[in-house]
Amino acid sequence: MKIINITLFSSLIIFLLTATFFTFCTPLFAQDYKVKKVGKTLSHPWGISVFDNNEVLVTERRGNLFKVNIKTGLSIKIRNLPEVFNNRQGGLLDVLVDKKSISERNVYICYSSKVIGGSSTSLLVGTIKNNELTNKKVLFRANNVSASSVHFGCRLAIVDNEIFMSIGDRGNRYEAQNIKSHAGSIIRINKINGSAKNLNNINSWLPELFTKGHRNPQGMAVNTETNEIWINEHGPKGGDEINIIKIGKNYGWPIVTFGKEYSGGKIGKGITSLKGFEDPIWYWVPSIAPSGMTFYNKNMFPELKGHLLVSSLKFKSLYLVELKNNKPFRETILFKNNFGRIRDIELLNDGSILLISDEVNGGLYRIYR
């Protein structure tokens, strides 16, 4: 494993040598740090979750799940995974370990499953024993079955006894406003049996629907200070958003958006804010193509504490979105063109930052002091 030590401002020579490989972009992060590639090369890794103190789980979109030892780099392939619809954006996507499981840690996998008529964004729970996924149970399959191979969403978060999952519009934007469709939504179900609380009956939504009006949400994180769930989502040409999701709220796509058509024209009537729809708390024009994100709540990098880390696929960057009074007010790029397309972010208990790069020859990286 190659370890790169970067000591900024120690000398002009060291700075010039290292700047060629790792572009360092913010004075807030101007202290010594190290970057290490962990384990073997991975082909289009998509999701990462801490399994225990020394190991993490990492998915490959083509259908593989690996348990990777952070200290040794040893990667073990997990057996008995679900069959996936591996086409373009579809495949084995997010993974989430329930750290509050009492006896055995439940492992949740969000993936595109093959069904009659195409594929569906699906959620499976199981446990890992002897490097095999056992006790498998499908908790949920989205009803917006499509032959399309784009906009699956597929990020996961757990709050108390419920699991939240994002579902994209699958390229059919108008389905995001259909209250009988799972397209363009965040769903909430019981993390054990998949049941749903019917708290949305006031607006006649399906019981598992928590929010609607999303395009393709690929980032989800729990704000540990407020217990709120934040998401980011892809707009088309511009209009990437960060939203705080609240039950029964509609986030506008495609009626309300800062985005434009890829051809450059306005979407619908070109409305960016409208009564009855939630405005984003942050948006990007042009698009950065956000994916994984996390709140930094550790001590290794105190200059990042209390702020949000967001990955960018398009600009191959890691963004620091600074917060004040629980709202974004400024952003800075921490790394650019260092790892390729950054797909997901995770934190180790010691405060290290883990990144995965969604490339043909991608991999897992650890940033630490």
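Details of the structure are given in the entry above.
Predicted model only: the values in this text are computed from it and were never measured. (Residues numbered from 1 in each chain as written. Predicted model: local features only at pLDDT ≥ 70, side-chain atom pairs only at ≥ 80, totals over all residues. Heavy atoms only, no water.)

Visitor: Is there a simple way to explain the pairing of strand β9 (residues 107-115) in this structure?
Guide: The two faces of the sheet receive side chains in turn, since in a regular strand these alternate between them. For β9, the tally of buried residues reaches 7 of 9 residues, placing the bulk of the element in the interior. The pairing of strand β8 (residues 92-97) with β9 spans 4 bridges and is classified as antiparallel. The residue of β9 that forms the bridge with V95 is I109. From the end of β9 to the start of strand β10 (residues 118-129), which pair antiparallel, there are 2 residues, and G117 there has a positive phi angle of about 95°. (Buried < 20%, exposed > 50% of the residue type's maximum accessible area, 1.4 Å probe, protein only. Helix = DSSP H or I, 4+ residues; strand = E, 2+ residues; numbered from the N terminus. Pairing = 2+ DSSP bridges.)

Visitor: Help me understand the nonpolar core, please; the structure alone is not making it clear to me.
Guide: Soluble globular proteins: nonpolar side chains tend toward being buried together. Residues Y108, L123, F140, L156, M165, I187 and I189 are the most contacted members of the largest nonpolar core, which totals 22 residues. Broken down by secondary-structure element, the contributors of at least two residues to this core are β8, β9, β10, β11 (132-141), β13 (162-167) and β14 (185-190). A per-element tally of this core places β13 first, with 3 residues. Counting 20 residues, the second-largest nonpolar core is a separate cluster that includes L309, I342, I345 and Y365. (Core = buried A, V, L, I, M, F, W, Y, C linked by side-chain atoms within 4.5 Å.)

Visitor: I keep staring at the pattern of salt bridges and nothing clicks. Help me out?
Guide: When the charged atoms of two side chains lie near each other, side chains of opposite charge can form a pair. Evaluation of the coordinates by the stated rule reveals 16 salt bridges. For R188, the salt bridge is made with E162, and the minimal N-O distance between the two is 3.7 Å. You can see R188 sitting in strand β14 and its partner E162 sitting in strand β13, a full 26 residues away along the chain. You can call E162 buried: its relative accessible area is 16%. Salt-bridge contacts for E162 lead to K197; the nearest nitrogen and oxygen are separated by 3.5 Å. Taken together, the residues E162 in strand β13 and K197 in the loop between β14 and β15 (209-212) connect sequence positions 35 residues apart. Salt bridges linked by common partners bring R61, R341, R343 and D358 together as one network. (Salt bridge = Lys/Arg side-chain N within 4 Å of Asp/Glu carboxyl O.)

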